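Analysis of the macromolecular model
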Amino acid sequence: MRHFLLAAVLVLTALPLSAQTSSAPLRLFLDCQNTRCDFDYLRTELDWVTYVRNREDADVHALVTGERNGSGGRTYFVRFAGRRAFDGIDDELTRATDQNATEDEQRAALASVLSAGLVRYLARTDQAPRVTIGLTARSADAPPVEETTDPWNFWVFRLGSRVFANGDANYLQRNANLNINANRTTETLKSELYVNASDNLSRFTFDGNVTRNQNNSYNGGGEVVFSLGPHWSAGGSARAFHSTFSNTDLSVRVGPEVEYSVFPYAQDTQRAFRLSYSIGAERIAYRDTTLFDRIDEILFDHELEARISYQQPWGSFSVRGEIDQYLHDLELYSFNVGANADIRLFRGLSFNLGANYSRIRNQLNLVRGTASEEDVLTRRRQLSTGYDYFLSTGLTYTFGSAFNSVVNPRF
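Residues numbered from 1 in each chain as written. Predicted model: local features only at pLDDT ≥ 70, side-chain atom pairs only at ≥ 80, totals over all residues. Heavy atoms only, no water.

What follows concerns unusual backbone geometry. Residues other than glycine seldom take positive phi values, yet Arg-84 does so here, at roughly 55 degrees. Within the secondary structure, Arg-84 is located in the loop between β4 (74–82) and β5 (90–96). (Helix = DSSP H or I, 4+ residues; strand = E, 2+ residues; numbered from the N terminus.)

Take a look at the structure:
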């Protein structure tokens, strides 16, 4: 509350004297693009605005994005764009939560920053005389504010585990996985350590015969990234990998990496265009002899990746391309490109696209010999392929009442 009241004072004192006053209730288009918003909660807490479905009907377009911060919590970025009578009155505010914040505390933080940002628009409406602003003073006997010492030195740890099973008289599927992550994030250095493990079992019974398929995998590693200014980063990574499905007993790769951001990193929640390159050495021990008659080998490779993303009032768009190539034979490579888009074409109509395509020419790990029918049907082991893909697309059209701020949680 204290931060909200202080922000309210600042924005009100910054209002131009010639500001145009609107006699209609403030219309808000709430646009949450890459973060979850509890719309029912926000409509209940911020009930002094009218919520509209289309930005063309709004007085204020609030674009909400979010990303995980260094403490393991979430930072919300809210861009306010004035429309109609408030055209040209724009602002941007942020609010952060820590890793211990509950879902209720996270949605309360978002409601708080939305309230603070809407004050400057609310002051231009007939509701302005009803706004009360104050600032809570510190008591005289309150202890002095001391600099906080972080006993964890910015390290954040996350542990997760999940087990599930389902089946019937003829089928059983079980999966168990474990995830451990530790990261340390500051303005100049980012460090991360991780371990992931998974065990999968499928069992089929047909005509008295039982087919069993069990795969397990784990991977772990670490990465250190140094900030070299608003556009450059450099560091190194190491990773280890095991998979029965991929015929890999143990693979270990180490190497340096560098990244260039066309736009400053500070604009990452709005737009991003990054190019990254890494080169490394990999030692692989296979579970079984490969098609190339190898049981182990040392390989050198390099990777080039490009990522573009936009999160704007017209929608969101992202595309990613990556090529991975072995240096001893440049014809051994894989290429992957993917795109996601959610674009508002015009009033009420949105276009959605998700696509991914991979060109695969580097399957050095395939087991020598012909795959059995069970291998093919149960995906017991990785098979030779030149490509894989995923595609989804659709249109969404919404029409009807544009003004509805009612919350009804029944049923």
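From this point, the discussion proceeds with the structure in view.
Inspection of the entire model under this criterion finds 15 salt bridges. The shortest N-O distance in the salt bridge between Asp-38 and Arg-107 comes to 2.8 Å. Placement of Asp-38 in the loop between β1 (27–32) and α2 (39–45) and of Arg-107 in helix α3 (residues 103–122) is noted, with a sequence separation of 69 residues between them. Look at Asp-38 and you get buried, because its relative accessible area is 17%. Accessibility expressed as a relative area gives 27% for Arg-107, which makes it partly exposed. In this structure, the salt-bridge partner of Arg-120 is Asp-91, at a minimum N-O distance of 3.4 Å. One end of the pair, Arg-120, is in helix α3; the other, Asp-91, is in strand β5, with 29 residues separating them in the sequence. (Salt bridge = Lys/Arg side-chain N within 4 Å of Asp/Glu carboxyl O. Buried < 20%, exposed > 50% of the residue type's maximum accessible area, 1.4 Å probe, protein only.)

What follows concerns the environment of Trp-152. With respect to the helices and strands, Trp-152 occurs in the loop between α3 and β6 (155–167). Its relative accessible area of 56% is what places Trp-152 among the exposed residues. Along the chain, Trp-152 and Arg-184 lie 32 residues apart, while their C-alpha atoms are 9.4 Å from each other.

This part takes up the environment of Val-254. Here Val-254 lies in strand β11 (residues 248–261). When its relative accessible area of 43% is taken as the criterion, Val-254 is described as partly exposed. Sequence-wise, Val-254 and Ala-281 are 27 residues apart; in three dimensions their C-alpha atoms are separated by 5.7 Å. For Val-254, the residues in contact, after removing those within four places along its chain, are Ser-237, Ala-238, Ile-279, Gly-280 and Ala-281. (Contact = heavy atoms within 4.5 Å.)

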